[in-house]
Amino acid sequence: TALAPASGPLAGRHVIVTSGPTHEPIDPVRYIANRSSGKQGHAIATAAARAGARVTLVSGPVNLPDPAGVEVRRVETAREMLAAVDAALPADVFIGAAAVADWRVEAAGDKIKKKKGDSPPALALVENPDILADVAARGRERPRLVIGFAAETENLLAHARDKLVRKRVDLIVANDVGSGVFGAGENEAHLVTAEGVESWPRLGKDEVASRLVARIATMLEASAG
Ligand code: CTP
Ligand code: CA
């Protein structure tokens, strides 16, 4: 099928989205993971593609179909996610929607076995690279817009502002995860920028995605080029 020339507010832009959890192996049969479903990240990739962008979706293990019209790179670990993002750059926009595991395990080469009388094995954790902060710290390769998420159970806006500054990103989408949003179809988002906070009502994740994409188009226009 012939590709129609892209039109829409993000035509001609390359958008990279990370989505889903990462899995960090403990040994060949076990891993550490988290509760991210990937729904929000995948919805953002879909919305960006609908807005005419070329989209690269770097996804951890999820139970979701590949969004239409999106280039999908599947990864398992945080380090693989960073490598895939690296390979996909440069981009106009980076959106870190993945729930990247903060730590990985010094993985064992063989399955860890129980031995009678032994105490449980201790897991030695090593910090993973911060993909969002890494992308935001690039020089010439830094995307014009770098957007992160903050999933918090307390002090939502204070933590989100801290992440905005610490990771040097342009926008943080803050979500209160104390109330069962994992795997749910809805999100209550607060957009935190250097200018202030804009709180959205509880919306479907698809609606959050299309509003965010509209906001991205406006921000790109405002920053000109
Ligand atoms: N992030 C990332 N790489 C990591 C950790 C986080 O790219 N190793 C990104 C996430 O995709 C998200 C943002 O950073 O966009 C915030 O993630 P979060 O887990 O809330 O922040 P942390 O800095 O890990 O802080 P903490 O987990 O202690 O709240
Ligand atoms: Ca984290």
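Definitions and limits used
- Residues numbered from 1 in each chain as written.
- Chains lettered and ligands numbered in written order.
- Predicted model: local features only at pLDDT ≥ 70, side-chain atom pairs only at ≥ 80, totals over all residues.
- Heavy atoms only, no water.
- Donors = N, O, S within 2.8 Å, 3.2 Å for Na, K, Ca; no water.
- Helix = DSSP H or I, 4+ residues; strand = E, 2+ residues; numbered from the N terminus.
- UniProt positions renumbered as here; feature names shortened; annotations may be inferred.
- Polar contact = N/O pair within 3.5 Å; in protein donor to acceptor, adjacent residues only side chain to side chain.
- Contact = heavy atoms within 4.5 Å.
- pLDDT = per-residue confidence, 0-100.
- Near = heavy atom within 4 Å.
- Areas by Shrake-Rupley, 256 points an atom, 1.4 Å probe, with all protein chains shown as cover.
- Nonpolar A, V, L, I, M, F, W, Y, C, P; charged D, E, K, R; others polar.
- Core = buried A, V, L, I, M, F, W, Y, C linked by side-chain atoms within 4.5 Å.
- Buried < 20%, exposed > 50% of the residue type's maximum accessible area, 1.4 Å probe, protein only.
- Phe/Tyr/Trp six-rings, centres within 6.5 Å; stacked < 30°, edge-to-face > 60°.
- Lys NZ or Arg CZ within 6 Å of the ring centre and 35° of its normal.
- Pairing = 2+ DSSP bridges.
- Axes fitted to C-alpha atoms, helices over the stretch in contact; angles between N-to-C directions.

A. Up close: the coordination of the calcium ion (ligand 2). Protein coordination of the calcium ion (ligand 2) is provided by Asp 102 (OD) and Asp 102 (OD), with donor distances spanning 2.5 Å. Inspection of the secondary structure puts Asp 102 in the loop between strand S6 (93-96) and strand S7 (103-105).

B. Local environment of the UniProt feature "binding site: CTP" (unreviewed entry) in the chain. This chain's UniProt record puts "binding site: CTP" (unreviewed entry) on Asp 102, Lys 111, Pro 129, Asp 130, Ile 131, Leu 132, Phe 149, Lys 163 and Lys 167. These annotated residues cover 66 residues of sequence, and their C-alpha atoms sit far apart, with the largest distance between any two at 37.1 Å. Residue position: Asp 130 is located in the loop between strand S8 (125-127) and helix H3 (131-136). A distance of 2.9 Å separates a polar side-chain atom of Asp 130 from the backbone nitrogen of Ala 133. Within the element layout of this structure, Lys 167 appears in the loop between helix H4 (156-166) and strand S10 (171-176). Dropping the residues within four chain positions of it, Lys 167 is found in contact with Asp 130, Leu 132, Ala 133 and Ala 136. At 2.6 Å, the side chain of Lys 167 forms a polar contact with the side chain of Asp 130.

C. Looking closely at the confidence of the model for the chain. Scored by pLDDT, the chain comes out at a mean of 94, with 95% of its residues at no less than 70. Interface confidence in the predicted complex, given as ipTM, is 0.99; pTM for the same model is 0.95.

D. Just the site of ligand 1, in detail. Near ligand 1, the surroundings consist of 15 residues, among which Gly 96, Ala 98, Phe 149, Lys 163 and Lys 167 are the closest. A distance of 2.7 Å separates an oxygen atom of ligand 1 from a polar atom in the backbone of Ala 98. One of the backbone nitrogen or oxygen atoms of Pro 129 is found 2.8 Å away from a nitrogen atom of ligand 1. Surface burial for ligand 1 is 77%, taken as the share of its 570 Å² of free accessible area covered by protein chains. At the level of elements, H3, strand S9 (145-152) and H4 are the ones that each hand at least two residues to the shell around ligand 1. Among the elements that line the shell around ligand 1, the one with the most residues is S9, at four residues. Here the shell around ligand 1 is composed, by residue class, of eight nonpolar, two polar and five charged.

E. How the structure looks around the nonpolar core. Grouped together as the largest cluster of nonpolar side chains are 34 residues, with contacts concentrated most on Leu 10, Val 15, Val 55, Ile 95 and Ile 216. Filtering out sequence-adjacent residues up to four positions away, Val 15 remains in contact with Leu 10, Ala 48, Ala 53, Arg 54, Val 55, Thr 56, Val 93 and Ile 95. The next biggest cluster of nonpolar side chains, apart from the first, holds 25 residues, and it includes Ala 88, Leu 89, Phe 94 and Ala 150.

F. Inspection of the packing of aromatic side chains at higher detail. Tallied over the entire structure, the rule returns zero aromatic pairs. One cation-aromatic arrangement involves Arg 211 over Trp 200; the distance from NZ or CZ to the ring centre is 5.6 Å.

G. How the structure looks around the sheet that holds strand S11 (residues 186-193). One open sheet holds the eight strands; their spatial order is S5-S4-S1-S6-S9-S10-S11-S12, and the pairing between them is mixed. The open sheet terminates on both sides in strands that have one partner only, identified here as strand S5 (71-74) and strand S12 (196-204). Going across the sheet, the axis of each strand differs from the next one's by a mean of 20°, ignoring polarity. Inspection of the sheet shows S11 paired to S12 by seven bridges, in the antiparallel sense. The residue bridging Thr 193 from the neighbouring strand is Gly 196, located in S12. In the packing of helix H5 (residues 205-223) onto the sheet, the strands contacted are S6, S9, S10, S11 and S12, and the crossing angle to S12 comes to about 145°.

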